[in-house]
Structures are given as structure tokens and as C-alpha cells.
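Residue strings, one per chain:
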Amino acid sequence: MLNLGRFQQAEELARRLVAAKPRDFQGYFLLAAAMHFGGKTDQAVVIAQQAANINPAHGQLHNLLAQISIKQRKLDEALSPARRAVALDPREALRHKTQ
């Protein structure tokens, strides 16, 4: 859904996943991403932080937190999660560089 730009539908599905499995990282991560790409950045930060409480060592999550901060024009706040994302998964940085 996210790849197709159907952010509202992706958000609804992710909410169902979170409701069904409230301790599952993936649901929170997908919900945060859907909210971010759907323009709900303030809400996306809250959900992404909940995801980080479940799995703080997920590189893509920290990359998402950096992207959200950039979208909010909080560039100073973007640096820490961006560095963390690269430290956790250096391939993630290379993937974005080549796109």
C-alpha cells in the first residue's frame, strides 16, 4: 500500500495490525511510516517512538525518525537518528544514496 501511495489504506491496515498484536514492532513501524508519508508527521513521531520502545535496534526505524524530523524542518533533531540508522545498518545509508 505504501509503495502505491495509498497511505490512508496502509494506515488503516497498520492500525488493525497494532490492535491485533500490540507488542509487535512491525505494526507500529508500518503505522508510523503510513502516517509520515500521509502527512501526519506529529502523530508519526509518537508512533515511531512506541516502535522504538519495542525494538530500539531497528535501523530503518531510526531512518524513518530522521526523515520525519527533516520533513518537520527540525534538522538538528534529524542528525542523531540518522547516525543511529547508519550505525545499526550501514547498507540502509547506501540504499538511499543510490536512489
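In the block above lies the structure referred to throughout.
In what follows, the accompanying structure is described.

Reading the values: rules and limits
Residues numbered from 1 in each chain as written. Predicted model: local features only at pLDDT ≥ 70, side-chain atom pairs only at ≥ 80, totals over all residues. Heavy atoms only, no water. Helix = DSSP H or I, 4+ residues; strand = E, 2+ residues; numbered from the N terminus. Core = buried A, V, L, I, M, F, W, Y, C linked by side-chain atoms within 4.5 Å. Buried < 20%, exposed > 50% of the residue type's maximum accessible area, 1.4 Å probe, protein only. Contact = heavy atoms within 4.5 Å. Expected span 1.5 Å × (residues − 1).

Considerations on unusual backbone geometry
Then, in step 1: Its identity is not glycine, yet Arg-73 carries a phi of approximately 60°, on the positive side.
Then, in step 2: Structurally, the position occupied by Arg-73 is in the loop between α4 (59-71) and α5 (75-88).

What about the nonpolar core?
Then, in step 1: Counting residues in hydrophobic clusters, the biggest one holds 19 residues, and the most contacted among them are Leu-31, Ile-47, Leu-61 and Leu-64.
Then, in step 2: When contributions to this core are tallied by element, the ones reaching two or more residues are α1 (7-20), α2 (25-37), α3 (41-54) and α4.
Then, in step 3: Here this core gets seven residues from one element, more than from any other, and that element is α2.
Then, in step 4: If we skip the residues at most four places from it in the chain, Leu-31 touches Glu-11, Ala-14, Arg-15, Val-18 and Ile-47.

Quick notes on α2
Then, in step 1: In this model α2 runs 18 Å from its N-terminal to its C-terminal C-alpha over 13 residues, within 8% of the 18 Å that 1.5 Å per residue would give.
Then, in step 2: Burial runs high along α2: ten of the 13 residues are buried.
Then, in step 3: Residues of α2 that are buried include every one of Phe-25, Gly-27, Tyr-28, Phe-29, Leu-31, Ala-32, Ala-33, Ala-34, Met-35 and His-36, and no others.
Then, in step 4: Those residues of α2 hidden inside the fold are in contact with α1, α3 and α4.
Then, in step 5: Positive phi shows up at Gly-39, right after α2, with a value of about 90°.

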